[in-house]
Amino acid sequence: MAAQSLEKCIETAIANNADMKIADIQVQRANRMERSFFEMEPMELSLSQDPTSGGSPDNALTLSQKIEFPTVYSTRRKMLKAETQMQSSLRRLTESELTRDVSTAYCTLLLWQHVVELLNDNDSILDTFVNMAEIRLNNGATNRLELMNAQRLKDENDLQIRKALNERKAAALLLQQLMNTTETIVATDEYQCIIPTQEEYSFETSPQGQLSENERILCERELKYIRNGMTPSFNIGLRHQLVIAGINPYDVDRSRFEKGNWMGFEVGMAFPVFFGSQKAKMNAARLDFDAAQAKHEQTQRKVGTELIIAENAVATARSTYDYYQNEGLHAAQEMRRLSCIEYEAGEISYVEHIQNLTSALDVEMENAKAIDELNQAIITLNFIKGK
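Thresholds, definitions, all that
Residues numbered from 1 in each chain as written. Predicted model: local features only at pLDDT ≥ 70, side-chain atom pairs only at ≥ 80, totals over all residues. Heavy atoms only, no water. Phe/Tyr/Trp six-rings, centres within 6.5 Å; stacked < 30°, edge-to-face > 60°. Buried < 20%, exposed > 50% of the residue type's maximum accessible area, 1.4 Å probe, protein only. Helix = DSSP H or I, 4+ residues; strand = E, 2+ residues; numbered from the N terminus. Patch = residues over 30% accessible without salt bridge, like charges linked within 9 Å, V, L, I, M, F, W, Y side chains within 5 Å. Areas by Shrake-Rupley, 256 points an atom, 1.4 Å probe, with all protein chains shown as cover. Salt bridge = Lys/Arg side-chain N within 4 Å of Asp/Glu carboxyl O. Core = buried A, V, L, I, M, F, W, Y, C linked by side-chain atoms within 4.5 Å. Contact = heavy atoms within 4.5 Å. 1 Å grid on protein atoms, 1.4 Å probe; cavity = no way out; pocket = protein on both sides within 12 Å on 5 of 7 lines; lining within 4 Å. Points joined across faces, edges and corners; volume = space filled by probe spheres on them. Nonpolar A, V, L, I, M, F, W, Y, C, P; charged D, E, K, R; others polar. Axes fitted to C-alpha atoms, helices over the stretch in contact; angles between N-to-C directions. Parallel < 35°, antiparallel > 145°, perpendicular 65-115°, else oblique. Expected span 1.5 Å × (residues − 1). Left-handed = near helix turned anticlockwise from the far one by under 90°. pLDDT = per-residue confidence, 0-100.

Participant: Would you mind showing me how to read the packing of aromatic side chains here?
Facilitator: Where two aromatic rings form a pair, the distance of their centres and the angle of their planes describe that pair. Per the stated rule, a full pass over the model turns up one aromatic pair. For the pair Tyr323 and Tyr324, a centre-to-centre distance of 4.9 Å together with 70 degrees between the ring planes defines the contact as edge-to-face. With relative accessibility at 43%, the residue Tyr323 sits in the partly exposed group. Taking relative accessible area as the criterion, Tyr324 reaches 14% and is therefore assigned buried.

Participant: Sorry, what's going on with the environment of Asp121 here?
Facilitator: Considering the arrangement of structural elements, one finds Asp121 in helix H3 (residues 70-138). Between the C-alpha atom of Asp121 and that of Leu361, which follows or precedes it by 240 residues, the distance is 9.9 Å.

Participant: I would appreciate a short explanation of a nonpolar patch on the surface in the present structure.
Facilitator: A contiguous nonpolar patch, built from Met43, Leu45, Leu47, Leu61, Leu63, Ile236, Leu238, Phe265 and Val267 and spanning about 920 Å² of accessible area, is present on the exposed surface. Counting only elements with at least two residues in the nonpolar patch, the list comes to strand S2 (44-48), strand S3 (60-67), strand S5 (233-241) and strand S6 (263-270). Of note, Leu61 is situated in strand S3. For Leu61, a relative accessible area of 36% corresponds to the partly exposed category.

Participant: Before we go on, may I ask you to explain the nonpolar core in this structure?
Facilitator: The nonpolar side chains of a soluble globular protein tend to be buried, and buried together. The biggest cluster of nonpolar side chains holds 54 residues, and the ones touching the most others in it are Cys9, Val102, Tyr106, Leu109, Leu175 and Ile185. At the level of secondary structure, the elements contributing two or more residues to this core comprise helix H1 (6-16), H3, helix H4 (144-179), strand S4 (185-187), helix H5 (207-227), helix H6 (276-344) and helix H7 (350-385). Broken down by element, the residue count for this core peaks at 17 residues, all from H3. Leaving out residues up to four positions away in the same chain, Ile185 has contacts with Ala2, Gln4, Cys9, Leu109, Ala172, Leu175 and Met179. If you look at the next biggest cluster of nonpolar residues, it comprises twelve residues, including Val130, Leu153, Tyr343 and Ile348.

Participant: Sorry if this is basic, but what is going on with the layout of surface pockets here?
Facilitator: One simple way to see leftover space: roll a probe sized like a water molecule over the atoms. As a volume, the largest pocket reaches approximately 330 Å³. Contributing to the lining of the largest pocket are 19 residues, with Ile10, Thr99, Ser103, Asn382 and Lys387 lying nearest its centre. Looking at the lining of the largest pocket, the elements that each hand over two or more residues are H1, H3 and H7. Per-element accounting of the lining of the largest pocket gives the leading share, six residues, to H3. The residue makeup of the lining of the largest pocket, split by class, is eight nonpolar, six polar and five charged.

Participant: It is not clear to me how the pattern of salt bridges should be interpreted in this structure. Could you clarify?
Facilitator: Two side chains bearing opposite charge may form a pair once their charged atoms approach each other closely. Enumeration over the complete set of coordinates arrives at 14 salt bridges. Here Asp127 and Lys154 are joined by a salt bridge, their closest N and O atoms 3.5 Å apart. Of the two residues, Asp127 is situated in helix H3 and Lys154 in helix H4; the sequence distance between them amounts to 27 residues. Classification of Lys154 as buried rests on a relative accessible area of 16%. Look at the salt bridges and you will find they share partners, linking Asp123, Asp127, Lys154 and Asp158 into a network.

Participant: Explain the packing of H1 against H4 here, please?
Facilitator: Two numbers describe a pair of packed helices, the interaxial angle and the distance between the axes. At a minimum axis distance of 7 Å, the contact between H1 and H4 shows a crossing angle of 45 degrees. With respect to their mutual orientation, H1 and H4 come out oblique. Within the contact between the two elements, H1 uses Cys9, Thr12, Ala13 and Asn16 and H4 uses Leu175, Leu178 and Met179. Considered class by class, the residues forming the contact of H1 with H4 number five nonpolar, two polar and no charged.

Participant: Got a minute to help me understand H4 in this structure?
Facilitator: Every α-helix carries 3.6 residues per turn, so stepping three or four residues along brings you back to the same face. Under the 1.5 Å per step criterion, the end-to-end length of H4 is 53 Å for 36 residues, consistent within 8% with the ideal 52 Å. With its phi angle positive at about 55 degrees, Asn180 sits one or two positions after the end of H4.

Participant: How do you make sense of the packing of H3 against H5 when you look at a structure like this?
Facilitator: Running from N to C, H3 and H5 cross one another at 160 degrees; their axes reach a closest spacing of 8 Å. Considered as vectors, H3 and H5 are oriented roughly antiparallel to each other. Seen along the crossing, H3 lies across H5 with a hand that is left-handed.

Participant: Could you clarify how one ought to interpret the confidence of the model for the protein in this entry?
Facilitator: Of all residues in the protein, 89% have pLDDT values of 70 or greater, and the mean over the chain is 82. Looking over the protein, one finds the lowest element-wise mean pLDDT in S6, namely 73, and the highest in H1, namely 89. With pLDDT under 50 throughout, residues 54-58 is counted as low confidence; its partners more than four residues away or in other chains account for eleven contacts.

Listed below in structure tokens is the structure:
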């Protein structure tokens, strides 16, 4: 069992979570792929020997290489860099989503830990209530109905405790899964509004905005790279005379040239003639770019709407939280205190005492719920802002 703060849980999750490890691997892969921008076709090495031709180029060891137009390599390099930037943005979004999920699970765990504490405190008060009812019954000061109601309240509270313990265990297991650890997590932060809000927001700098923009840039770079497929390529060849004396079935005079072996070279250009396939690829890439542009604009509008909804949710949750912190919670605690005193003094009936204890617990539970709702709303808002 490990007692940890929210900050520590987030750090552990980022270090251990499988999705983060996959995202890191994808970034490393994209980084390494950048080195492949200068990609050429395999160099060709051929050995030819024709017995019917004397010292022609056919009797040669030939080395040839095809080289693309220089702009092909530069555009490919930019495309691969855009892929790396896109994967980096995806990793940042994955980290932001993980931070949101860990924060949500942590606050849920805090909620149920606090609920268990409230119910345990209430259980102690109900124990006193049951004992007082037994004493009053034995002294003839009341009937059995009072004891039965006191015992009923305690039994119902025990049921709520068991339910809260199960919920607390489920929240701890979810947090444990996100952190990819075998240790059972116990939240150590004090139960209150623990998540600070971030004021600044820019879609361009948010994880969702950066990913959307980098996806658009990648499609644009891919389109430019495909367009460069229409450019000519170069062929460079080098030939060296090679006479194999043992292969001469027609006894042709194939002696070497007296001034040395023959050397030759070849330089040429290859022009694309049939453009149908390349044009189809360009049209498809252009559509991909248009789709990425539309997706970018749609994402910006969608996130803008989500931001307004999240801000309204935070404002609503904060007003409820402020009420319970400033008025409701104090009134409930005072109600319970006075009810216990007056019941023991015989100034109020057990029915009134039950009503007061139930009302006080309801207010404390609503306060716990208000704190959780505010934290969850702030978590959502901070995720949208990318903080």
